[in-house]
Amino acid sequence: MKKWSKFISVMLAIAIAFSGIAMPKLEVEAGVTDITNPERLMLGDAWTLGDITESGTAHFYSVNITKAGWLTVDYQGWSIGDSYYEVLHGDTVYKYSSNSIWGSSDINPKSSSTVLALEPGSYVIKVCGRDRNIGKYRVKASFKAAGNNESSNNNDFATAQKLYLNKAVNGFLSRDDRVDFFRIDLTKRERIRLILTTYFSTSRITVYDKDFRQILSKYIYYGSEGNPNVYEYEETLDPGPYYIKIFPEYNECGRFSIQYKQKIMVKTLSIKANKSKVVAGQKVKLSAKISPSNASSKVMKWTSGDTGIAAVDENTGMVTTYRPGVVRITASALDGSGISKVYTLIVRPKKMATPYLSSPKSKQLKISYGSQYGAKAYEVQYSTNSKFKGAKLKRTSKTGFTVKSLKKKKVYYVRVRAYVQRGSTRYPGSWSKVKKIKIK
């Protein structure tokens, strides 16, 4: 096997030399076979080359990390054929991972990468040929710090790290530190929000009261570095200490952040519109003013009491009106306070079309006009004065009527408008154009 491997390597080198293509040159180091004194492997992008020349032997490398984070070990098998590499604790007793590489050669190198979430310390990488295989390989290690700032020892109730209001703590769960405890101390009954952001696949949060009774247990799924999962727990709690336990499921490890905030509830709402008068067919924007101004959540839901008169966007408060009428628009706080406010919107009628006039008989004036959808009543003015001084006014739900006993051969001016009514107050639309007629 070794002779054939060397023959193939020589023939490949000759072929490449004649073709003018540069062949990767492996400056091979012997590698350290003493597990008690492994070769130091520097962190970075530089490869360390090795050549196992004796069947059954292994090479050992050590790496040191000064912060918690991710250790990445990259391995390439070359002429070694079948091989494997392992990542061990610095004491060389505990094994974190073992990966096999099959069928590597100088013309077909095989690669593997291992990423481990680890605590600060010393670690050993073991490289070995499988089943009497010998030959060349290369290995490198790199590191990315987790950036965590949680306590180095918060692994149980007694050592739980205290959380302070509105201050987030960045945590890290690793292969050797798989649980973190935190504590909040409430001096009065209040509503709180616990906000947990996870950057790894599956984790779990449990919350305990002062008597260590579990009041919450929740699995958090589908977090990742690129798309973290944010979970919020909201509850009204009595005074006393509360404990939060965060730990991964299976072999999941990675970053998280945890903080708690006081939930400031909405107490009052007021609503205003950007228009004082609204005509059917127009839009109007309603906005809600929340008190107190530092309420934790200012999200509102808007609803219309009659979508036939007007509909409202439930998120923005933008109202679209369809027909004249009186409609109640409600803004409701979604923070759990139950606070809501009603705004009564008066939708006035549109401008009426010019009325139709006739004088069917002497001293008579017949007035007619089209109805307006949604309008319940109409006001009609008629006068011998074009400015409608001293005009007569008639209110009716009908779309026409006849006036008798007028002055014959006199010119009369007429106009009409629709209105809606709320209680004793009438809200009219605009007057139509004036129409005149000479009475018989």
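J.: Teacher, can you tell me more about the side chain of Thr330 here?
T.: Tracing the chain through its elements places Thr330 in strand E25 (residues 325-333). Setting aside residues up to four positions removed in sequence, Thr330 forms contacts with Lys301, Trp302, Thr303, Ser340, Lys341 and Val342.

J.: Sorry, what's going on with the sheet that holds strand E7 (residues 110-118) here?
T.: Each strand in a sheet pairs with its neighbour through backbone hydrogen bonds, running either in the same direction (parallel) or in the opposite one (antiparallel). The antiparallel open sheet is built from 4 strands, whose spatial order is E2-E9-E4-E7. Among the strands making up the open sheet, the edge pair consists of strand E2 (48-52) and E7. Shown here is a sheet whose adjacent strand axes are inclined to one another by a mean of 20 degrees, direction ignored.

J.: Looking at this structure, I do not really get a nonpolar patch on the surface. What am I missing?
T.: Together, Tyr219, Tyr221 and Tyr222 make up a nonpolar patch on the protein surface, roughly 380 Å² of accessible area in all. As for its placement among the helices and strands, Tyr219 is situated in strand E15 (residues 214-221).

J.: Looking at this structure, I do not really get the sheet that holds strand E12 (residues 180-186). What am I missing?
T.: Strand order in the open sheet made by the 5 strands is E10-E12-E17-E14-E15, with mixed pairing throughout. With partners counted over all chains shown, the strands left at the sheet margins are strand E10 (161-162) and E15, one partner each. Looking at chain direction, E12 and strand E17 (residues 240-248) are connected through 7 bridges and run antiparallel. What sits directly across from Phe181, in E17, is Lys245.

J.: How do you make sense of the nonpolar core when you look at a structure like this?
T.: Generally speaking, nonpolar side chains in soluble globular proteins are found buried as a group. Counting residues in each nonpolar core, the largest one holds 23 residues, and the members touching the most others are Leu163, Phe182, Leu194, Ile205, Ile244, Ile246 and Ile258. Breaking this core down by element, the ones donating at least two residues are strand E11 (169-173), E12, strand E13 (190-198), strand E14 (202-208), E15, strand E16 (229-237), E17 and strand E18 (254-262).

J.: What is the right way to look at the environment of Lys188 in this model?
T.: Inspection of the secondary structure puts Lys188 in the loop between E12 and E13. In sequence terms Lys188 and Val115 are 73 residues apart; their C-alpha atoms lie 45 Å from each other.

J.: I would appreciate a short explanation of the pattern of salt bridges in the present structure.
T.: Side chains carrying opposite charge are able to pair once their charged atoms draw close together. Taken as a whole, this structure holds 14 salt bridges when the rule is applied. Salt-bridge contacts for Arg189 lead to Asp238; the nearest nitrogen and oxygen are separated by 2.6 Å. Of this pair, Arg189 sits in the loop between E12 and E13 while Asp238 sits in the loop between E16 and E17, and the two are 49 residues apart along the sequence. Of the charged contacts, one joins Arg191 and Glu234 as a salt bridge, the two residues approaching to 2.8 Å between their closest N and O atoms. Here Arg191 is found in strand E13, whereas its partner Glu234 is found in strand E16, with 43 residues between them in sequence. What emerges from the salt-bridge pattern is a single network uniting Glu379, Arg395, Arg417 and Arg426.

What counts as what
- In this numbering scheme, every chain counts its residues from 1 along its sequence in written order.
- The predicted nature of this model means local features are confined to residues of pLDDT at least 70 and side-chain atom pairs, given and counted, to a pLDDT of 80 or more, with totals for whole chains, interfaces and linings taken over all residues.
- Only hydrogens and water are removed before side-chain values are computed, so all heavy atoms of the structure are retained for them.
- Starting at the N terminus, helices and strands are each numbered in turn, a helix being any DSSP run of H or I of at least four residues and a strand any DSSP run of E of at least two.
- The contact rule is simple, with two residues in contact once any of their heavy atoms fall within 4.5 Å.
- Only when DSSP finds a minimum of two bridges between them are two strands counted as paired.
- Orientation is described by axes fitted as lines to C-alpha atoms, over the contacting stretch for helices, and by angles from 0 to 180 degrees between their N-to-C directions.
- Surface patches are defined over residues having more than 30% relative accessible area and no salt bridge, joining like charges when they lie within 9 Å and nonpolar side chains (Val, Leu, Ile, Met, Phe, Trp, Tyr) when within 5 Å.
- Accessible surface area values rest on a Shrake-Rupley calculation with a 1.4 Å probe, where residue burial reflects the displayed protein chains alone.
- Definition used for salt bridges: Asp or Glu carboxyl oxygen within 4 Å of a side-chain nitrogen of Lys or Arg.
- Among buried residues, those of type Ala, Val, Leu, Ile, Met, Phe, Trp, Tyr and Cys that are joined through side-chain atoms within 4.5 Å constitute a nonpolar core.
- Throughout, exposure labels follow a simple rule: accessible area from a 1.4 Å probe, protein chains only, divided by the maximum for the residue type, with under 20% read as buried, over 50% as exposed, and the rest as partly exposed.

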